[in-house]
Structures are given as C-alpha cells and as structure tokens.
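Chain by chain, the residues:
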Amino acid sequence: MSEIPLDQAAGLRRIARPKPVRVIAVASGKGGVGKTNVSVNTSVALAALGQQVLLMDADLGLANVDLLLGLQPRYNLSHVLAGERTLEEIMMSGPAGLHIIPATSGIQHMAELSPAEHIGIIRAFSELSMPVDILVVDTAAGISDAVISFTRAAHEVLVVVCDEPASITDAYALMKVLNRDYGIFRFRVLANMARSAQEGRDLFLKLSRVAERFLDVTLDFVGTIPHDEYLRKAVQKQRAVVEAFPRSRAAAAFRNVAQRVAGWPPPSEARGHLEFFVERLISATTGEGVELLP
C-alpha cells in the first residue's frame, strides 16, 4: 500500500534472509481447465522435493482443494476473516508434508468480498510462525477482485490453459487486465490436458504470439501436463495423482514442472501494491524484521 513508509519497507529488504518466500498465484481465464489440480499436484511435488510448501485455496466461494485431497476442514478462511481463528489454527496437513489453508464453498458472501476484505486475509499471513519456502495461491477462475488482489500480491503468475478457444481467449483477457491496469509484465504459462507435448507447445505459442504482439509482457513456457486417465482416477480417489499414481504420465509431468518451479530465481524483494504481503510473511517466518504499519 502507498501509505507504508518507503524507508521502512526498504529497511526490511536489507535484512539478510537466505530463503525468502516465493509466492506463486495459479490463475486461468476460465473454469474447467484443471487449474486446481495443477495447484494441488505441483504443490505436492514441490513438497516431495523437500520444499516447505503452503497451498492456499483462494477460490473463496467455490473451494475444492480440500475435496481433491479428501480433507474435511473444521475451520476455513471465513473464520479467519471473522477474527475467530488464525491461519495456523485452520491449517491442515496434506501429502508429503504439504500444508493447506482451506477456503469455503457455497457461501455467497465469501465469493463477493470487497478488496479491503481480500487485503485483510492477506494481512493475516503476518501471524504465521512456521517456515515457508513457497506459497502457492490457487485463485478463482476469471478476473474477479479476488483474482486481481492475489495475483498482484504474488511474485509469479502461473496461467493454466487448455486446448479450447475460450481458454486461450480468456487467458489473454486476464493477462491484458493484469498487464495494462496493474503493471504485471511476466507470466508463466502451463498447458494442461494436452494430447501431446507438441500440442502443449503449440498452445503456448498461440497465446504468446498474440500477447507479446499487443501487450508489454514476457511469457515463459513451464511445460505440458498430458491428458491422463490416471488423473481422473486420482480425483475419484480424492488424492493427488503424484501420490496415488506416481508412475503415471501426469505424475511425471507434474514432477518436471515442480523441478522447474523450484529452479526459478528466488525473489529479491516484494512487489506490487500489496508490498507488505511478502515482507510480512518473510518477517514472520524468519522471526526477523520490524513490524509494518497496519
């Protein structure tokens, strides 16, 4: 926020912290492209690599991270927003040591939060004391206020697309809004449910040709997740495919994606209008730094 003194934020960035938290927002232009499956399986694969991973379900009104992993949360983000619970009190454990922050499903108010309420949820991260290497934020589909808030607060925006005209069109629309209105210039792109590696590459090239022609952006291709019957079976079992069927093509692809994500350069500082988000998170998880003004 612009109200935060610049010298205070700059002072925080000078504090030595060997493992800064990387915040990755997973987004898509439309629903039905497998975005949450990407978030869940990439997070589990990252945790299996030894990363301390926290997965936040930020589809606040239609949450399903808990469903994909067979979890039954007693508390969720609505209790944090109401001041009844902290983030650590609602946190759940998942496969490979993954930690999950569950959201709500079927509560209209949570799907219609104001930007100030989104910021309130983000600020709650200052209370975390557990170590975190990577925070994965599974956003809602589309270009809602919640999607804008969480993507602006992240270091990386991973856009999931599939071989549907609407997927490409809506992914471009999402990047257009984030680029032109909010100054986000780099996007990571993942092709999901592709029939072949070449099809995934072609999807990326189709999107990048249009985006880089009309927008001031750079697109990086993260990889392709193949269409795999074992992924459907894993969903039916309410388990991550990388855990339930580790030898499947989809599981191997997710492990490749996780390896690439783990190799991304660590953030040197927070960025965006919610600059305090990562600063507070880093400060809380390392026990260092000074408190930012509310």
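Residues numbered from 1 in each chain as written. Predicted model: local features only at pLDDT ≥ 70, side-chain atom pairs only at ≥ 80, totals over all residues. Heavy atoms only, no water.

Undergrad: Provide a residue-level description of the confidence of the model for the chain, including the pertinent values.
TA: A residue-level look at the chain finds 78% of positions with pLDDT of 70 or above and a mean pLDDT of 82. Across the chain, element-level confidence peaks in helix H12 (residues 241-244) with a mean pLDDT of 98 and bottoms out in helix H1 (residues 6-13) with 39. Predicted confidence is poor over residues 1-18, with pLDDT under 50, and the contacts of this stretch with residues over four places away or in other chains come to 29 contacts. Residue range residues 271-294 is modelled with pLDDT below 50. Its contacts to residues more than four positions away, or to other chains, number 81 contacts. (pLDDT = per-residue confidence, 0-100. Helix = DSSP H or I, 4+ residues; strand = E, 2+ residues; numbered from the N terminus. Contact = heavy atoms within 4.5 Å.)

Undergrad: Would you mind going over the nonpolar core in detail, with residue names and values included?
TA: Counting residues in hydrophobic clusters, the biggest one holds 41 residues, and the most contacted among them are Val40, Leu69, Leu98 and Val241. Among the elements that take part in this core, helix H13 (residues 249-262) stands out by supplying 7 residues, more than any other. Those residues within four positions of Leu69 in sequence are excluded, and the remaining contacts are Val40, Pro95, Leu98, Ile100, Gln238 and Ala240. Of all hydrophobic cores here, the second largest spans 26 residues; its members include Met56, Tyr75, Ile101 and Met130. (Core = buried A, V, L, I, M, F, W, Y, C linked by side-chain atoms within 4.5 Å. Buried < 20%, exposed > 50% of the residue type's maximum accessible area, 1.4 Å probe, protein only.)

Undergrad: Describe in detail the sheet that holds strand E7 (residues 186-194), supporting the description with residues and values.
TA: An order of E3-E4-E2-E5-E1-E6-E7-E8 is seen for the 8 strands of this open sheet, with the pairing classed as mixed. Single-partner strands in this sheet number two, and they are strand E3 (92-93) and strand E8 (218-226). As paired elements, strand E6 (residues 156-161) and E7 share 4 bridges and run parallel to each other. The partner of Val159 across the bridge, within E7, is Val189. Strand contacts of helix H2 (residues 35-48): strand E1 (22-27), strand E2 (53-58), strand E5 (134-139), E6 and E7, with the helix running at about 170° to E5, the strand carrying the most contacts. Along the sheet face, helix H8 (residues 145-152) touches E1, E2, E5 and E6 and points at about 165° away from the line of E5. (Pairing = 2+ DSSP bridges. Axes fitted to C-alpha atoms, helices over the stretch in contact; angles between N-to-C directions.)

Undergrad: Residue-level account of the pattern of salt bridges, with values.
TA: Inspection of every chain in the model, using the stated rule, returns 9 salt bridges. A salt bridge links Asp138 to Lys35; the nearest nitrogen and oxygen atoms lie 3.1 Å apart. Separated by 103 residues along the polypeptide, Asp138 in strand E5 and Lys35 in helix H2 bring together distant segments of the chain. In this structure Asp138 comes out as buried when scored by relative accessible area, which is 0%. One salt bridge in this structure joins Asp163 and Arg195, with 3.1 Å as the shortest N-O distance. Taken as a pair, Asp163 in the loop between E6 and helix H9 (165-182) and Arg195 in the loop between E7 and helix H10 (197-214) lie far apart in primary sequence, 32 residues in all. In this structure Asp163 comes out as partly exposed when scored by relative accessible area, which is 34%. Residues participating in the shared-partner salt-bridge network are Glu156, Arg186, Arg188 and Asp220. (Salt bridge = Lys/Arg side-chain N within 4 Å of Asp/Glu carboxyl O.)

Undergrad: Lay out the packing of H2 against H13 with the relevant residues and their values.
TA: Two elements in contact, H2 and H13, have axes whose closest approach is 8 Å; the angle formed by their N-to-C orientations is 70°. By the angle between their directions, the pair H2 and H13 is classed as roughly perpendicular. Two packed elements cross with a definite hand, and for H2 against H13 that hand is right-handed. Here H2 contributes Asn37, Val38, Asn41, Thr42, Ala45 and Leu46 to the contact with H13, which in turn contributes Phe254, Arg255, Val257, Ala258, Val261 and Ala262. (Parallel < 35°, antiparallel > 145°, perpendicular 65-115°, else oblique. Left-handed = near helix turned anticlockwise from the far one by under 90°.)

Undergrad: Let's hear about H13: which residues, and what values?
TA: Here H13 spans 20 Å end to end across 14 residues, near enough to the 20 Å set by a 1.5 Å rise per residue. Along H13, the residues that are buried comprise Ala250, Ala251, Ala253, Phe254, Val257, Ala258 and Val261. In a view along the axis of H13, the buried residues occupy a sector of 160°, so they form one face of it. Turned more than 90 degrees from where H13 packs its buried face, Arg249 and Asn256 sit exposed. Structurally, H13 contributes buried residues whose contacts are with E1, H2, E7, E8, helix H11 (229-237) and H12. (Expected span 1.5 Å × (residues − 1). Arc of directions from axis to C-beta.)

Undergrad: So what's going on with unusual backbone geometry? Residues and values would help.
TA: In this structure, Ala96 takes a positive phi of about 60° despite not being glycine. Checked against the element boundaries, Ala96 lands in the loop between E3 and strand E4 (99-101). A positive phi angle, close to 55°, is found at Gln238, a residue other than glycine. The topology assignment puts Gln238 in the loop between H11 and H12. Residue classification places Gln238 among the partly exposed residues on the basis of a relative accessible area of 36%.

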